[in-house]
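Secondary and tertiary structure notes
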Amino acid sequence: MTDLENEASPADVRTRIGQQHTNLIFIAVKAIEAWFLADTQALRQWLKIDTVEEPTPEHTLGMPWERLKEIAHENNRRGPGDNKLIFAKRMIKHYGFTVSNAAQHSNCPSVVEFADGIVALGNTEKIIASDDSGHN
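Attention here is on the structure that accompanies the text. (Residues numbered from 1 in each chain as written. Predicted model: local features only at pLDDT ≥ 70, side-chain atom pairs only at ≥ 80, totals over all residues. Heavy atoms only, no water.)

**Let's talk about the environment of K84**
Filter applied, for reference: Segments assigned H or I by DSSP are reported as helices when at least four residues long, segments assigned E as strands when at least two residues long, and all are numbered from the N terminus. We call two residues in contact whenever any of their non-hydrogen atoms come within 4.5 Å of each other.
Along the chain, the position of K84 falls in helix 5 (residues 84-93). Spatially, the C-alpha atoms of K84 and W65 are 8.2 Å apart, while their sequence positions differ by 19 residues. When sequence neighbours within four positions are dropped, the list of residues in contact with K84 reads E33 and W65.

**Section: unusual backbone geometry**
Residue K48 is not a glycine yet carries a positive backbone phi of 55°. Residue N76 is not a glycine yet carries a positive backbone phi of 55°. With respect to the element layout, N76 can be found in the loop between helix 4 (64-74) and helix 5.

**What about the nonpolar core?**
How we decide: We call a set of buried Ala, Val, Leu, Ile, Met, Phe, Trp, Tyr and Cys residues a nonpolar core when their side-chain atoms join them within 4.5 Å. Under the scheme applied here, a residue whose accessible area is under 20% of the maximum for its type counts as buried, over 50% as exposed, and between as partly exposed, the area being computed with a 1.4 Å probe on protein chains only.
Among the nonpolar cores identified, the biggest contains 26 residues, and W35, W46, L47, L68 and M91 are the most heavily contacted of them. For this core, the element with the most residues is helix 2 (residues 33-38), which contributes 5 residues. Here L68 is in contact with E33, F36, L37, L43, W46, P80 and F87, once residues within four sequence places are set aside.

And the structure:
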């Protein structure tokens with residue numbers, strides 16, 4: 001899993017990373033913080049504002065991390081802080097962020113691709129076939 005950051009396209013990121021296991025590469029467009037913007041429920045819980053939402057999480061003017069700061073500032077709320085990892089933990093533990101909720105956003109296709117990819121990985125056939133008795 002990686003961020004798009006300043007690359008022109010997901011294809012450029014895949015080229016940079018290499019071709020091995022390309023079906024296992026998931027790219028958050030711009031940055032994974034866009035997914036926090038996409039989970040409207042968690043965003044509202046964090047800011048304690050029932051009406052806040054980000055219409056285009058993957059197409060913010062700057063990076064999504066900066067957009068999180070802007071939204072907090074615009075609404076006179078405490079920002080995400082300086083540490084992305086600590087903020088991510090808070091979003092999950094205290095504000096209810098889930099990939100599933102973020103994937104419900106109509107304008108955040110990278111999180112949908114990630115969610116679908118995880119589901120697809122879980123739906124693979126068993127590598128070891130069962131014997132006649134049903135034991136592996």
